[in-house]
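Residues per chain are reported as follows:
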Amino acid sequence: MRNMRPMAPPKDSVMRATRQKGQVSEGHPQCKLLIPDVHVPTSAFRLVVVHSSKMASAALSTAALWTEVNRCGQNGDYTRALKALPKILQANKEDVTALHCKIVCLIQNGTFREALNVMNMHTKVLGSELVFEKAYCEYRLNRVESSLKTIEGAPEQTDKLKELYGQVLYRLERYDECKSVYTDLIRNSQDEYEEERKTNLAAVMAALSQWEKTPLEELGLPETTYELCYNTACMLIGQGQLTAAYNKLQQAEELCRRSLADDSDITEEDIESELAVIHSQMAYVMQLQGRTDESLQLYNQVIKLKPSDVGLLAVTANNIITINKDQNVFDSKKKVKLTNAEGVEYKLAKKQLQAIEFNKALLAMYTNQADQCRKMASGLQSQNPGHPQPVLIQVAQLCREKQHSKAVELLQQFSDQHPESASGIKLTMAQLYLVQGHVTKACDVLRSIEEFKHKAGMVSALVSMYSHEEDIDGAIDVFRHAIQHYQSEQPGSTAHLALVREAANFKLKYGRKKEAITDLEQLWKQNPKDIHTLAQLISAYSLVDTDKAKSLSKHLPSADTMSFKVDVDELENSHGATYVRKKAAKVTGENLPKEEGQGDLKKKKKKKKAKLPKNCDPKATPDPERWLPMRERSYYRGKKKGKKKEQIGKGTQGATAGASSELDASKTASSPPTSPRPGSASSSVPANVVPPRQQKPASSGATRKKAQQKKKKGGKGGW
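Calculation criteria
Residues numbered from 1 in each chain as written. Predicted model: local features only at pLDDT ≥ 70, side-chain atom pairs only at ≥ 80, totals over all residues. Heavy atoms only, no water. Phe/Tyr/Trp six-rings, centres within 6.5 Å; stacked < 30°, edge-to-face > 60°. Helix = DSSP H or I, 4+ residues; strand = E, 2+ residues; numbered from the N terminus. Buried < 20%, exposed > 50% of the residue type's maximum accessible area, 1.4 Å probe, protein only. Lys NZ or Arg CZ within 6 Å of the ring centre and 35° of its normal. Salt bridge = Lys/Arg side-chain N within 4 Å of Asp/Glu carboxyl O. Core = buried A, V, L, I, M, F, W, Y, C linked by side-chain atoms within 4.5 Å. Polar contact = N/O pair within 3.5 Å; in protein donor to acceptor, adjacent residues only side chain to side chain. Contact = heavy atoms within 4.5 Å. Expected span 1.5 Å × (residues − 1). Axes fitted to C-alpha atoms, helices over the stretch in contact; angles between N-to-C directions. Parallel < 35°, antiparallel > 145°, perpendicular 65-115°, else oblique. Left-handed = near helix turned anticlockwise from the far one by under 90°. Nonpolar A, V, L, I, M, F, W, Y, C, P; charged D, E, K, R; others polar.

1. Notes on the packing of aromatic side chains
Inference 1: In total, this model carries 5 aromatic pairs according to the counting rule given.
Inference 2: Both rings, one in F112 and one in Y136, keep their centres 6.0 Å apart while their planes meet at 80°; by these two values the pair is edge-to-face. With a gap of 24 residues between them, F112 in helix α4 (residues 112–121) and Y136 in helix α6 (residues 131–140) connect regions that are remote in the sequence.
Inference 3: On the accessibility criterion, Y136 (0% relative accessible area) is buried.
Inference 4: One aromatic cluster is present, built from ring pairs that chain together F112, F132 and Y136.
Inference 5: When the ring centre of Y246 is taken as origin, the NZ or CZ atom of R291, which lies over that ring, is 5.3 Å away.

2. Points about the pattern of salt bridges
Inference 1: All told, the structure shown has 22 salt bridges when counted by the stated rule.
Inference 2: Salt-bridge contacts for R71 lead to E68; the nearest nitrogen and oxygen are separated by 2.0 Å. One end of the pair is R71 and the other is E68, both in helix α1 (residues 56–75) and 3 residues apart, which spans about a single turn.
Inference 3: The class of R71 is partly exposed, set by a relative accessible area of 40%.
Inference 4: Members of the salt-bridge network, linked through shared partners, are E253, R257, E268 and E272.

3. Remarks on the nonpolar core
When a protein is soluble and globular, its nonpolar side chains tend to lie buried together.
Inference 1: By size, the foremost hydrophobic cluster in this structure holds 93 residues, and its most contacted members are I103, L164, V168 and I278.
Inference 2: Ranked by residues supplied to this core, first place goes to helix α13 (residues 268–288) with 10 residues.
Inference 3: Counting residues in each nonpolar core, the second largest holds 40 residues, with V395, C399, C443 and L499 among its members.

4. Here we look at the environment of K347
Inference 1: Along the chain, the position of K347 falls in helix α17 (residues 344–347).
Inference 2: What makes K347 buried here is its relative accessible area of 3%.
Inference 3: In this structure, the C-alpha to C-alpha distance between K347 and D309, residues 38 residues apart in sequence, is 8.6 Å.
Inference 4: A polar side-chain atom of K347 sits 3.4 Å from a polar atom in the side chain of D309.

5. Here we look at the environment of I531
Inference 1: With respect to the helices and strands, the residue I531 is situated in helix α28 (residues 531–541).
Inference 2: The class of I531 is partly exposed, set by a relative accessible area of 39%.
Inference 3: Taking the C-alpha atoms as reference, I531 lies 9.0 Å from H555; in sequence the two are 24 residues apart.
Inference 4: Residues in contact with I531, not counting those within four places in the same chain, are L556 and P557.

6. Description of helix α15 (residues 310–324)
Inference 1: For α15, which comprises 15 residues, the first-to-last C-alpha distance of 21 Å matches the rise-based estimate of 21 Å (1.5 Å per residue) to within 8%.
Inference 2: With 14 of its 15 residues buried, α15 lies for the most part within the structure.
Inference 3: One side-chain oxygen at the N-terminal end of α15 lies 3.0 Å from the backbone nitrogen of G311; it belongs to D309.
Inference 4: One or two residues past the end of α15 sits K325, with phi positive at roughly 55°.

7. A look at the packing of helix α19 (residues 370–383) against helix α20 (residues 389–400)
Inference 1: In contact at an axis separation of 8 Å, α19 and α20 are set at 160° when each is read in the N-to-C sense. In terms of their interaxial angle, α19 and α20 are classed as roughly antiparallel. As α19 runs across α20, the sense of the crossing is left-handed. Across the interface between the two elements, A370, C373, R374, A377, S378, L380 and Q381 from α19 touch P390, V391, I393, Q394 and Q397 from α20.
Inference 2: Considering only residue class, the contact of α19 with α20 consists of 7 nonpolar, 4 polar and 1 charged.

8. Some details on helix α3 (residues 96–108)
Inference 1: Across its 13 residues, α3 extends 18 Å between first and last C-alpha, which sits within 8% of the 18 Å expected from 1.5 Å per residue.
Inference 2: With respect to burial, α3 is a largely interior element, 11 of its 13 residues being buried.
Inference 3: Residues T97, A98, L99, H100, C101, I103, V104, C105, L106, I107 and Q108 constitute the buried set of α3.
Inference 4: Regarding α3, its N-cap is D95, as a side-chain oxygen of that residue lies 3.1 Å from the backbone nitrogen of T97 further along.
Inference 5: Backbone geometry just downstream of α3 places G110 in the positive-phi region, at approximately 85°.

9. Examining the packing of helix α26 (residues 494–509) against α28
Inference 1: Running from N to C, α26 and α28 point in directions that differ by 40°, and their axes come no closer than 12 Å. Two packed elements cross with a definite hand, and for α26 against α28 that hand is left-handed. Contacts from R501, N505 and L508 in α26 reach H532, T533 and Q536 in α28.
Inference 2: Split into classes, the residues belonging to the contact of α26 with α28 amount to 1 nonpolar, 4 polar and 1 charged.

10. Thoughts on the environment of T322
Inference 1: As for its placement among the helices and strands, T322 is situated in helix α15.
Inference 2: Since its relative accessible area comes to 3%, T322 is described here as buried.
Inference 3: When the C-alpha positions of T322 and N359 are compared, they lie 7.6 Å apart, and in sequence the two are 37 residues distant.

11. Thoughts on unusual backbone geometry
Inference 1: Despite not being glycine, E173 shows a phi value in the positive range, around 60°.
Inference 2: Structurally, the position occupied by E173 is in the loop between α8 (159–171) and α9 (175–188).
Inference 3: Exposure remark for E173: the relative accessible area of 24% places this residue in the partly exposed category.
Inference 4: A positive phi angle is found at K213, which is not glycine, with a value near 55°.
Inference 5: Its place among the elements puts K213 in the loop between α10 (194–211) and α11 (226–238).
Inference 6: What makes K213 exposed here is its relative accessible area of 55%.

12. Observations regarding the side chain of D331
Inference 1: Along the chain, D331 falls in helix α16 (residues 329–335).
Inference 2: Residue classification places D331 among the buried residues on the basis of a relative accessible area of 15%.
Inference 3: In this structure the side chain of D331 is engaged in a polar contact, spanning 2.7 Å, whose partner is the side chain of K335.
Inference 4: Sequence-distant contacts of D331, defined by excluding residues within four places in its chain, comprise I320 and N324.

Quick look at the structure:
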């Protein structure tokens, strides 16, 4: 099953054109991209003098209108200026200056569509004077391709057109060309916007590092602002330097707080809102480091702030979904709504949008929405025909439905159609074969992957699987092909010699000593001082060619050279010794050595007497069958039935055992040994004995209780 992939959030941009913070549709890494100033031309605010005497009154009114427009432009009240400009255009509909002023005012108010309509209606009058304004309106309306054509068709490439050209190239993800544009602008211009251009260049470098894995290039960019510091952190993330990136993000946070704290109009909420993208990026780094709990907590803090940047919200929500996976699905279904916000497609890069769509399909699978998952995966496959991810999602859904055979067919079909992406697909196919128990088929699939079949890990996996199937010849064949590959590509390398040694050990393990000789000879030639390899080679030759084994044994070192100077006493007394020889006790005056001939008698240990069981007679012969269970002994006769202490109900009806024994005259002490004659007076009954017919059997409390329970068995008033 495929895992969801997190991604880094996008960044708001400072829009110089509108003199306030706005939003630019840019993708990862969270870049500070800037739009050049759109200046109202100075000619629009001059006092127009009409020389015709016939139109003196009209000229005075027009001059007053121009004065109003000029004052509104200086005060930034473009809405009021737009009210005066139509009156000027009533006098002359083709007044280029008035049209220019109207277009600029519309741009400043953010009504880009209306400004573009005015330019399209007066194309013949305006000509190529407003190329920048037209390209800028198209850019802000997300018509990036049209904006590019407008810029490329301009008769002259001014600095402000180059600034906009860099923005357009960034939106089109043509990062190499964008880098060249900003490098040229920084080199050939000197004004108050140099810092913004460097920020844009850092953003482009971060995009190259993240999406195209371009190595970092030292451009000498400063880190004096939190935007520059932030983009540097994004570059480090692209290179996998997560710890350094996290430290750089902390530095960016500190710079941001310091720069915003000086402004008294900015509240703490504004500062937290500005820091949201930095915190989201920090959470992304922690997620990549495996600190998911901390990352999830920081993501949720960003979501609670409800930032205005829909791109930031979408990416943060997506990353929370990747942490949840198949757990906490209810929360994931709520978060996925944030990824569907309007305008998200203009705020993120293509790869970010693609990852979000893949994760939506996986979420549908996790929530057991099989039909929706298949529908989304099929749509993604048609949009990205060569991408393996949609196919893998479909395969995962089929596996959840236990349709492994159909999943394998789908993988095989995609592998045949797109061999350039077949590596990951075939690995998944092999895994499915193993799940079904088809080990040999899995081995065949793995050996067909040209990219991996000679890797050490792949060789190890194949040998293990062939060994499990007891196919030793197949395992040896895997070794042979791998060794031949390294022999031609990297002869004598560490990987080559390691494979040869493993092959030799494997053959010796399974008794293929004759086949192991070639590998052992190759190893010994590489290192003639390797005694272990030489010993293995001699052992292998001893079964095949004894003469060769004898000749090789001459190369073994002598016993003298192999002996090591080891202090035995020191070794035995060392910390790791398992056996320590006891030292002899010192001789004292009382313990003098005995004379010769008087050897020390070894003291014998006294044996303890065996403990006998209680009531045991030691003189009696023990029972030879005492070890057998009682039922298996020869003298076992079973338990006698019918013997009870109190036999109730025996004898005369209603009589008890105690009463019958009292009535038995033979058991009394005064009775003679013989029974008396019937009818004799000597057989008198004691006065205190109750006759049998008058006796009542004693009933216990438990018996009475059971009787009561039986009466209640029928229930309440029922049958």
